[in-house]
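Reading the structure
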There are 2 protein chains.
Amino acid sequence: MSTREFELIARIRARVALRDDVVLGIGDDAALLQVPAGQQLVVAMDTLNAGVHFPEDTAPADIGWKALAVNLSDLAAMGAQPAWCTLSLSMPEADTAFVDGFLDGFLALASQHDVALVGGDTTRGPLSICVTVHGFVEAGTALRRDAARIGDDIWVSGTLGDAAGGLQQWRERTVKGGQSGLSLANGHSDPLLRARLDRPTPRIVLGRALQSIAHACIDVSDGQLADLGHLCKASGVGAQVNIDALPASEALCAAFDQQVRQRLQATGGDDYELCFTVAPDARAAVDAVAREMELELTRIGVIIATPGVATRTAEGAWSAPAAGWVHFG
Amino acid sequence: MSTREFELIARIRARVALRDDVVLGIGDDAALLQVPAGQQLVVAMDTLNAGVHFPEDTAPADIGWKALAVNLSDLAAMGAQPAWCTLSLSMPEADTAFVDGFLDGFLALASQHDVALVGGDTTRGPLSICVTVHGFVEAGTALRRDAARIGDDIWVSGTLGDAAGGLQQWRERTVKGGQSGLSLANGHSDPLLRARLDRPTPRIVLGRALQSIAHACIDVSDGQLADLGHLCKASGVGAQVNIDALPASEALCAAFDQQVRQRLQATGGDDYELCFTVAPDARAAVDAVAREMELELTRIGVIIATPGVATRTAEGAWSAPAAGWVHFG
């Protein structure tokens, strides 16, 4: 490591929070951690690359937030309680201003969920952020993709398509003469949509609450229909989804016409909401969680035996499962 | 994720080994893992970027091996028993031939140490490999950097400078008219030195054996004197090192004159040997480990109270601690 790298690590180390279960954090060859008795360890790892996973003009603090958020979202989908993370930060040069800003966002979210940064590295390379998160679940209680049952209701949290809408607006604005075929109602970038792209909310509390209610769960990172498709495939079932039922934010409705909006909701990625399946007789329990959390939870379809994800709008017939909304892809 | 990304993940998933303590491996939002009762979790994370951490012409299998090896080396330095890893692989395009080769090396080393690949991601971006490894130690038995005691002997495993020698030869060969100031005895790249650069051996078994013998331990990744300096700083002590005692391979001796060789041994990185401190009355125990493992373990100096790492050659006086071999940097 270079002297600058040590300075960066010292800068990071000075700001990290501690937890009683961190026996040894940043500063040795590895971290020493104590998993509570009776708990299983839940581990997820995701990388963000500049220009691929976030626009080049994203603020360092937003990059920091998102790098942790997309990982915490994976823990949320398992119903896990977050505990620790490690961070590998590759930068073209040791840029202390960038690191300070990055940590502002990263540690703000870490603090919200009592996550301790316990190790990792900083290296020279194209801007790239890799995070590994660790959490716990009681043995046998993790939410999984492969547990959906025929007849389950399909639910989704929050609103869909906002992040994709924000990205679409950014593209329209920055790509000169861009021919996306999208109609922007207002011609500028909506800060609410951009915030959903830059600062997604990992649904940790929801995931914990769903542990005893939901059968299967996945986070919406690739797009609602795509991720529901993964859940169905893992569970050996299929799904029918009412496209008109997909929840939309006021900001999304204001920014795009219905056709574009529904494409964004159905296929846009980066929402980091939770999509989960629940037996119909547990609808009241889901509604109670929604009220308790003051978070919209919407029934959007049902699990069926036929593989694939079939879709329809209120007035339309069911699509062939395989077709789905692929023509929007 | 793209279709190609799913294909890559399916390719990886088909080849990974299983362990009984992996409740849920690749394929869900996160892995579910069972840490054995009474054990602490040991976690390390390191990234390799193309052109920074390995020459651009490195074979995919060697990149795979090294990406895991540098991480396992961190576990070795803690005396930990490896168990699981996650892998984040960024590539300019979904290159199945690269991934197959990469896995050949990565999984060959994983298999040697019974490490299960349990998750991660593949993404688009400049070639970069981030690995997180997980291992166990009995609570309270981890080797640490901060436990060296005044009067301890300083030991190092194997030979030093080979990887840096291999890198130096590669540079001499590939940089036309390169002015490194080094004298190559034979003018070509020594395969043994290059192998030490490409396929380092994580000293897992040695780390386990040293748990009850050594006071402090670190792996040699930045260079012998630099890493010993980290150990001393963490322990609040200093060190005297006899440069003539640093172990050299026959290949290194054959390839470089003494001055260059000693610089490579003292300051070259990427050796991934273990440097550790042991009370003088435990020399026989260290020798027994060396015999048992058929691995050279060499006493190279002593821990002193004065901070910094002082060096000398057999006929020379001690350098000022701060100076050390900095002029070689």
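If you're wondering where the values come from, they're calculated on a predicted model, not measured in any experiment.

The rules behind each value
Residues numbered from 1 in each chain as written. Chains lettered and ligands numbered in written order. Predicted model: local features only at pLDDT ≥ 70, side-chain atom pairs only at ≥ 80, totals over all residues. Heavy atoms only, no water. Phe/Tyr/Trp six-rings, centres within 6.5 Å; stacked < 30°, edge-to-face > 60°. Helix = DSSP H or I, 4+ residues; strand = E, 2+ residues; numbered from the N terminus. Buried < 20%, exposed > 50% of the residue type's maximum accessible area, 1.4 Å probe, protein only. Lys NZ or Arg CZ within 6 Å of the ring centre and 35° of its normal. Pairing = 2+ DSSP bridges. Axes fitted to C-alpha atoms, helices over the stretch in contact; angles between N-to-C directions. Left-handed = near helix turned anticlockwise from the far one by under 90°. Contact = heavy atoms within 4.5 Å. Nonpolar A, V, L, I, M, F, W, Y, C, P; charged D, E, K, R; others polar. Least-squares fit on C-alpha atoms with pLDDT ≥ 70 in both. Buried area = accessible area lost by both parts, 1.4 Å probe. Salt bridge = Lys/Arg side-chain N within 4 Å of Asp/Glu carboxyl O. Polar contact = N/O pair within 3.5 Å; in protein donor to acceptor, adjacent residues only side chain to side chain. Parallel < 35°, antiparallel > 145°, perpendicular 65-115°, else oblique.

Right, let's get into the packing of aromatic side chains. All names here are of chain A. Applying the stated criterion across every chain, the model contains eight aromatic pairs over all chains. Here W84 and F136 contribute two aromatic rings whose centre-to-centre distance is 5.2 Å and whose plane-to-plane angle is 80°, an arrangement assigned as edge-to-face. Residue W84 is located in strand β4 (residues 81-91), and its partner F136 is located in strand β6 (residues 128-138); the two are separated by 52 residues in the primary sequence. Judged by its relative accessible area of 6%, F136 falls in the buried class. Between W155 and F276, the ring centres sit 6.4 Å apart and the planes meet at 5°, which makes this aromatic pair stacked. With a gap of 121 residues between them, W155 in strand β7 (residues 153-157) and F276 in strand β10 (residues 274-278) connect regions that are remote in the sequence. Over the ring of W155 we find R299, and its NZ or CZ is 6.0 Å from the ring centre.

Residue and element names in this part refer to chain A. Counting buried residues along β10, five of its five residues qualify, which places the element largely inside the surrounding structure. Of the two faces of β10, the one holding L274, F276 and V278 and the one holding C275 and T277 are both buried throughout. Looking at chain direction, β7 and β10 are connected through four bridges and run antiparallel. The residue bridging V156 from the neighbouring strand is C275, located in β10. Here four bridges tie strand β8 (residues 216-219) to β10, and the two strands are oriented antiparallel to one another. For I218, the partnering residue across the bridge sits in β10 and is C275.

This part takes up the packing of helix α2 (residues 60-77) of chain B against helix α3 (residues 96-112) of chain B. Residues and elements named next belong to chain B. Viewed as axis vectors pointing N to C, α2 and α3 meet at an angle of 35°, and their least axial separation amounts to 6 Å. Note that α2 runs across α3; the crossing there is right-handed. Of the residues in α3, those touching α2 at P60, A61, I63, G64, W65, A67, L68, A69 and L72 are F98, G101, F102, D104, G105, F106, A108, L109, A110 and Q112. Along the lines of polarity and charge, the residues of the contact of α2 with α3 split into 14 nonpolar, four polar and one charged.

Before going further, it helps to examine the relation of the copies chain A and chain B. Structural alignment of chain A on chain B gives an RMSD of 0.0 Å, achieved by rotating through 180° and translating 0.0 Å along the axis. What the superposition gives is, in effect, a two-fold axis relating one chain to the other.

Here the focus is the interface of chain A and chain B. Taken together, the contacts link 52 residues of chain A with 53 residues of chain B. Each partner contributes to the roughly 4,200 Å² buried at the junction of chain A and chain B, and carbon and sulfur atoms together form 53% of this total. On inspection of chain A and its partner chain B, the count reaches four salt bridges. When the shortest N-O distance is used, the salt bridge between B:R145 and A:D28 registers 3.7 Å. Between the two partners, chain A and chain B, sit 24 residue pairs in polar contact (both at pLDDT 80 or more). Every element with two or more residues in the side of chain A that touches chain B is listed here: β1 (22-24), β2 (31-33), β3 (39-49), α2 (60-77), β4, β5 (116-124), β6 and β8 of chain A. Considering each element in turn, the side of chain A that touches chain B owes the most residues, 10 residues, to β3(A). Taken together, the residues of the side of chain A that touches chain B sort by class into 26 nonpolar, 16 polar and 10 charged. Bridge count for β2(A) against strand β3 (residues 39-49) of chain B is three bridges, and the pairing is antiparallel. What sits directly across from A:L32, in β3(B), is B:V42.

Within the fold, B:T86 resides in strand β4 (residues 81-91). With residues up to four places along the chain from it excluded, the contact list for B:T86 reads A:V43, A:M45, A:T132, B:L117, B:V118, B:G119, B:G120, B:C130, B:V131 and B:T132.

It is worth spelling out the packing of helix α4 (residues 162-174) of chain A against helix α5 (residues 191-198) of chain A at this point. Residues and elements named next belong to chain A. Viewed as axis vectors pointing N to C, α4 and α5 meet at an angle of 110°, and their least axial separation amounts to 7 Å. Considered as vectors, α4 and α5 are oriented roughly perpendicular to each other. Note that α4 runs across α5; the crossing there is left-handed. Taking contact as the criterion, the partners of D162, A163, G165, G166, L167, Q169 and W170 in α4 are, on α5, L193, R194, R196 and L197.

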